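Chains, contacts and geometry: an overview
In case you want the letters, here they are:
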Amino acid sequence: MADLLGSILSSMERPPTVGDQESRRKAREHAAKLKKMQEHEKRQKVEFRKRMEKEVTEFIQDTGQIKKKFCAMGKLERSILHDVVEVAGLASFSFGDDEESRYVMIFKKEFAPSDEELEAYRRGEEWDPQKAEEKRKLKELAQREAEEDAMRGPATVNPNSNYKDKYSHLIGKDAAKDAAHTLEANKAYGCVPVANKRDTRSIEVAMNEIRAKKRLKQSEEDTPGASSS
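Below: a short report on this structure. These figures come from a predicted structure and were not determined experimentally. (Residues numbered from 1 in each chain as written. Predicted model: local features only at pLDDT ≥ 70, side-chain atom pairs only at ≥ 80, totals over all residues. Heavy atoms only, no water.)

Digging into the packing of aromatic side chains
For clarity, the threshold we go by: Stacked, edge-to-face and tilted are the three classes for Phe, Tyr and Trp ring pairs, Trp counted by its six-membered ring, which pair at centre distances within 6.5 Å; planes under 30 degrees apart are stacked, over 60 edge-to-face, the rest tilted. Note on conventions: DSSP H or I runs of at least 4 residues are helices, E runs of at least 2 residues are strands, and numbering of each starts at the N terminus. Three exposure classes are used, based on accessible area relative to the maximum for each residue type with a 1.4 Å probe and protein chains only: buried under 20%, partly exposed in between, and exposed over 50%. Here, a charge over a ring is recorded when the distance from Lys NZ or Arg CZ to the ring centre is within 6 Å and its angle to the ring normal is within 35 degrees.
Under the definition given, this model contains five aromatic pairs. With centroids separated by 5.9 Å and ring planes inclined at 70°, the aromatic side chains of Phe93 and Phe107 adopt a geometry described as edge-to-face. One end of the pair, Phe93, is in strand β2 (residues 91-95); the other, Phe107, is in strand β3 (residues 103-107), and 14 residues separate them in sequence. Residue classification places Phe107 among the buried residues on the basis of a relative accessible area of 1%. Judged by centre distance (6.4 Å) and plane angle (40°), the rings of Phe107 and Tyr121 are tilted. Here Phe107, found in strand β3, pairs with Tyr121, found in helix α4 (residues 115-122); they are 14 residues apart in sequence, far enough to count as distant. Here Phe107 matches Tyr121 in class, with each residue buried. Three or more aromatic residues link up through ring pairs in this structure, and these residues are Phe93, Phe95, Tyr103, Phe107 and Tyr121. Between the NZ or CZ atom of Lys69 and the centre of the ring of Tyr103, over which it lies, the distance is 4.4 Å.

As for the pairing of β3
Using the following cut-off: Any two strands with at least two DSSP bridges between them are considered paired.
The buried count for β3 comes to five of five residues, which makes it a mostly enclosed element. Of the two faces of β3, the one lined by Tyr103, Met105 and Phe107 and the one lined by Val104 and Ile106 are each fully buried. Relative to β3, strand β1 (residues 67-69) runs antiparallel, the two being bridged by three bridges. From the neighbouring strand, Lys67 faces β3, where its bridge partner is Phe107.

Observations concerning the pattern of salt bridges
Filter applied, for reference: Salt bridge, as used here, is a side-chain nitrogen of Lys or Arg placed within 4 Å of a carboxyl oxygen of Asp or Glu.
Per the stated rule, a full pass over the model turns up 12 salt bridges. The salt bridge partner of Glu53 is Arg49, with a shortest N-O separation of 3.4 Å. With Glu53 and Arg49 both in helix α2 (residues 18-61) and four residues apart, this pair spans about one turn of that helix. Across the pair Glu99 and Arg78 runs a salt bridge whose closest N-O atoms are separated by 3.0 Å. On the criterion of sequence distance, the pair formed by Glu99 in the loop between β2 and β3 and Arg78 in helix α3 (residues 75-88) is long-range, its members being 21 residues apart. A relative accessible area of 7% means that Arg78 is categorised as buried. Each of Glu22, Arg25 and Glu29 takes part in salt bridges that share partners, so that together they form one network.

Next up, the structure:
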C-alpha cells in the first residue's frame, strides 16, 4: 500500500519553482511580442499594397505617362508591386546592381520597352529614343551594304596590259601562250650545292693554303724545265 501511494505521489506534477515561473512568464511575453510584430508587419503589407494600387491606378489614368519609375525598395515591397502591376495588366521590371539600390519601373502594355531600352536601364543609362532610332538606321544601312557586297561577289581585277601583248615582239604571241601553259616550277630552286656553301675553314688555314699554292707555282716557274717535264 505504501509503495502504491508513493508511486502515485511521484507521478504527480510537482509545483513549479520560482525559476520555472519566470521562464514561463518570459516565454509568454516573447510569444505576445512576436504576435504583435507579425500583426504589425501584416498591416504594413496591406497598407503598402493599397498605396501601390492607388499609384498604379493613377498611372493608368494619366494618358501622358507611358512609364513610371519607383524609388528603391526592398525585395518584399518589389514583389508586392510586381503583383499589383500584373493584376493591372501592365509590365514591370526591376533594375539596379545591388539589393539596396534596386528599383521597379512599370510600363503600359502598348509602350512595352524594347530589348535595347532594357539594356540601357540595366547599364544605368537614360533611354533616348531619338539616338536609338539613329543607331538603328545606321545599323540597318551597314547590314544592307554588306548584303549588297555579298551579292556582287569578289572584285574582278583587270590589268591594264596583257603579258602576251607586252612580249609578243620578242617571242611572238603563240610562244608566249605556250610558255604560260608549259611553265613548271624548278624543284631545285633554292637548293645550294655543298661545294658552293661557305668555307668552314678558319681564315689562317685558308691563307696558309693560298700562300703554299703561290710558293709552289713560283718555284715551278723558277725551276728550268719544270714546264716540259
